[in-house]
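Topology and contacts: notes
Spelled out, the chains give:
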Amino acid sequence: MAFVSQLTQFTLSVVSPQTQFTPRASVFAPNSVKIGAKRVEKTRIWTGELVRERPSFRVRAGSEEELGPEKEEGPAVAVAEVEEEVTTVEPSEIDKLKKALVTSFYGTSRGLRATSETRAEIIELITQLEAKNPTPAPTEALTLLNGKWILAYTSFAGLFPLLSRGTLPLVTVEEISQIIDSENFTVQNIVQFTGPLATTSISTSAKFEVRSPKRVQIKFQEGIIGTPQLTDSIVIPENVEFLGQKIDFTPFKGIINSVQDTASSVAKTISSQPPLKFSFSNSNAESWLLTTYLDEELRISRGDGGSVFVLIKEGSSLLTA
């Protein structure tokens, strides 16, 4: 038994084509076995020793703890292969369509300057996305609707006069957004303007009711003109292009610098005033909106007269695409 115990802890090595084995003389009775010099195939028998040719190999006998890491090598490699496959996943067809749609908005000023060819391309991409809508019942997934959405494109002519104001000298429409509160069923539309002297916003607040899996009825309640936030320091560019002509503002810089102190005091006075609120007439107080595509970062809606609105969720990478 002691010999068996020692057998599990040793290393048996055959390191050359010949392995030597010398039998003990005490195993056989005297003169009971005759050993002669005779060659049998690849086995050579000599007096007192047996030499047999075998392939070289090495066998290691050890405890389970020693063999453990070798058994775990296979699964570890498999996990690494799976992780590599995840990092090389190709964009889905929907992702490609969304990227192409957002790219087609470039230079259109949210749809104001879109040519007929560009509009046709945009409508085709919108139609393809609507056919693959991952949220067939948007009004039953209000958590996806919830949050702030940035207007990226529209065909609604009613917004064009507002958008065209952004083409005036020194006036910029910074952002047009919509904030949906799905818990209180409210919608707020906000337009932010920026000029050389102040920044301000115009917003409308409304309530909405669910009328179908895709449609909501909107009832506007009031509008708000935000208090202008005047800048303490006025920054005037050297020149501005207007109607194809460059206007040089350099001569006015001295005059502007002289009134900066006055502008600062006026800014503090105006900014402390409450915003101006106004109500809507009953004839223009209601509208409806049909959401035809919705996911975590993109929303497509259709309104009265077949107008289209494409909005991107705040924080989405599509805003920088």
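Structural data are supplied above this passage.
Remember, predicted model here, so these are calculated numbers, not experimental data.

A word on the packing of aromatic side chains. Taken as a whole and assessed by the stated rule, the structure comprises three aromatic pairs. A centroid spacing of 5.1 Å and a plane angle of 5 degrees characterise the contact between phenylalanine 105 and tyrosine 153, whose relative ring orientation is stacked. Taken together, the positions of phenylalanine 105 in the loop between α3 (93-104) and α4 (116-131) and tyrosine 153 in strand β7 (residues 147-154) put the pair 48 residues apart, joining distant regions of the chain. Pair check on accessibility: phenylalanine 105 and tyrosine 153 agree, each one buried. Taken together, a centroid distance of 5.8 Å and an interplanar angle of 50 degrees make the contact between phenylalanine 156 and phenylalanine 309 tilted. With phenylalanine 156 in the loop between β7 and α6 (160-164) and phenylalanine 309 in strand β18 (residues 308-313), the pair connects residues that are 153 residues apart, well separated along the chain. The ring of tryptophan 149 carries arginine 299 above its face, with NZ or CZ at 5.1 Å from the centroid.

Strand residues, when the strand is regular, have side chains that alternate between the two faces of the sheet. Of all five residues that make up strand β17 (residues 298-302), four are buried, and the element is covered over most of its length. Here four bridges tie strand β16 (residues 286-294) to β17, and the two strands are oriented antiparallel to one another. Bridge assignment links leucine 294 to a residue of β17, and that residue is arginine 299. Adjacent in sequence and paired antiparallel, β16 and β17 are bridged by three residues. In this sheet, β18 lies alongside β17 in antiparallel orientation, the contact comprising five bridges. Of the residues in β18, the one forming a bridge with isoleucine 300 is valine 310. In sequence, β17 turns back onto β18 through a hairpin of five residues, with glycine 305 there showing a positive phi of about 75 degrees.

Enumeration over the complete set of coordinates arrives at eight salt bridges. The closest approach of N and O atoms between lysine 98 and aspartate 295, which form a salt bridge, is 2.9 Å. Of this pair, lysine 98 sits in helix α3 while aspartate 295 sits in the loop between β16 and β17; the two residues are 197 residues apart in sequence, bridging distant segments of the chain. Comparing lysine 98 with aspartate 295 shows no difference in burial state: the two are buried. Of the charged contacts, one joins glutamate 130 and arginine 302 as a salt bridge, the two residues approaching to 3.0 Å between their closest N and O atoms. On the criterion of sequence distance, the pair formed by glutamate 130 in helix α4 and arginine 302 in strand β17 is long-range, its members being 172 residues apart. You can call glutamate 130 buried: its relative accessible area is 18%. We classify arginine 302 as partly exposed; its relative accessible area is 22%. By sharing partners, the salt bridges in this structure join Asp95, Lys98, Asp295 and Glu297 into a single network.

Moving on to empty space enclosed by the protein. Over the atoms, a rolled probe matching the size of one water molecule traces out where space is still vacant. On inspection of all chains with the given rule, the structure shows one cavity of 30 Å³ or more. What the largest cavity holds in volume is close to 100 Å³. Lining the largest cavity are Leu145, Gln178, Ile180, Val187, Phe208, Val216, Ile218, Leu289, Thr291 and Arg299. Along the lines of polarity and charge, the residues of the lining of the largest cavity split into seven nonpolar, two polar and one charged.

A surface patch of nonpolar side chains, amounting to about 320 Å² of accessible area, comprises Ile202, Ile225, Leu276 and Phe278. For isoleucine 225, the position within the fold is in strand β11 (residues 215-225).

The subject of this paragraph is the side chain of threonine 139. Along the chain, threonine 139 falls in the loop between α4 and α5 (142-145). Side-chain polar atoms of threonine 139 contact the backbone oxygen of serine 212, separated by 2.7 Å. Those residues in contact with threonine 139 that sit more than four places away from it in its chain are Val210, Ser212, Pro213, Lys214, Arg215 and Val216.

A volume near 890 Å³ is recorded for the largest pocket. Phe156, Leu159, Asn189, Thr204 and Phe220 are, among the 30 residues lining the largest pocket, the residues nearest its centre. Of all the secondary structure elements, the ones that give two or more residues to the lining of the largest pocket are β7, β8 (172-181), β9 (186-194), β10 (198-210), β11, β16 and β18. When grouped by side-chain class, the residues that make up the lining of the largest pocket number 17 nonpolar, ten polar and three charged.

Rules behind the numbers
Residue indices begin from 1 for each chain and proceed along its sequence in written order. The predicted origin of the model limits local features to residues at a pLDDT of at least 70 and limits the giving and counting of side-chain atom pairs to 80 or more, whereas totals for whole chains, interfaces and linings rest on all residues. Only heavy atoms go into the side-chain values, all of them from the structure, while hydrogens and water stay out. Any Phe, Tyr or Trp ring, taking Trp's six-membered ring, that has another such ring centre within 6.5 Å forms a pair; planes under 30 degrees apart are called stacked, those over 60 apart edge-to-face, and the others tilted. Helix and strand labels come from DSSP, where a helix needs a run of H or I of at least four residues and a strand needs a run of E of at least two; each type is numbered from the N terminus. Classification of residues uses two cut-offs on accessible area relative to the type maximum, computed with a 1.4 Å probe and protein chains only: under 20% is buried, over 50% is exposed, and between them is partly exposed. By definition here, charges over rings are those cases where NZ of Lys or CZ of Arg is within 6 Å of the ring centre and within 35 degrees of the ring normal. Strands qualify as paired when DSSP identifies two bridges or more between them. Each reported salt bridge corresponds to a side-chain nitrogen of Lys or Arg within 4 Å of a carboxyl oxygen of Asp or Glu. Any residue with an atom within 4 Å of a point lines the site, the site being either a cavity, points on a 1 Å grid over the protein atoms alone where a 1.4 Å probe fits but cannot get out, or a pocket, an open set with protein on both sides within 12 Å along at least 5 of 7 lines. Grid points are joined across faces, edges and corners, and a volume is the space filled by probe spheres set on the points. Under the convention adopted here, Pro, Cys and the residues Ala, Val, Leu, Ile, Met, Phe, Trp and Tyr are nonpolar, Asp, Glu, Lys and Arg are charged, and Gly plus all remaining residues are polar. Candidates for patches are residues over 30% relative accessible area with no salt bridge; among them, like charges are joined within 9 Å and nonpolar side chains (Val, Leu, Ile, Met, Phe, Trp, Tyr) within 5 Å. Only the protein chains shown count as covering a residue, and every accessible area follows the Shrake-Rupley method with a 1.4 Å probe. For this analysis, a polar contact is any N or O atom pair within 3.5 Å, provided that within protein one partner can donate a hydrogen and the other can accept it, and provided that sequence-adjacent residues contribute only side-chain to side-chain pairs. Any two residues whose heavy atoms approach within 4.5 Å at even a single point are treated as in contact.

Just distances and angles here, no functional claims.
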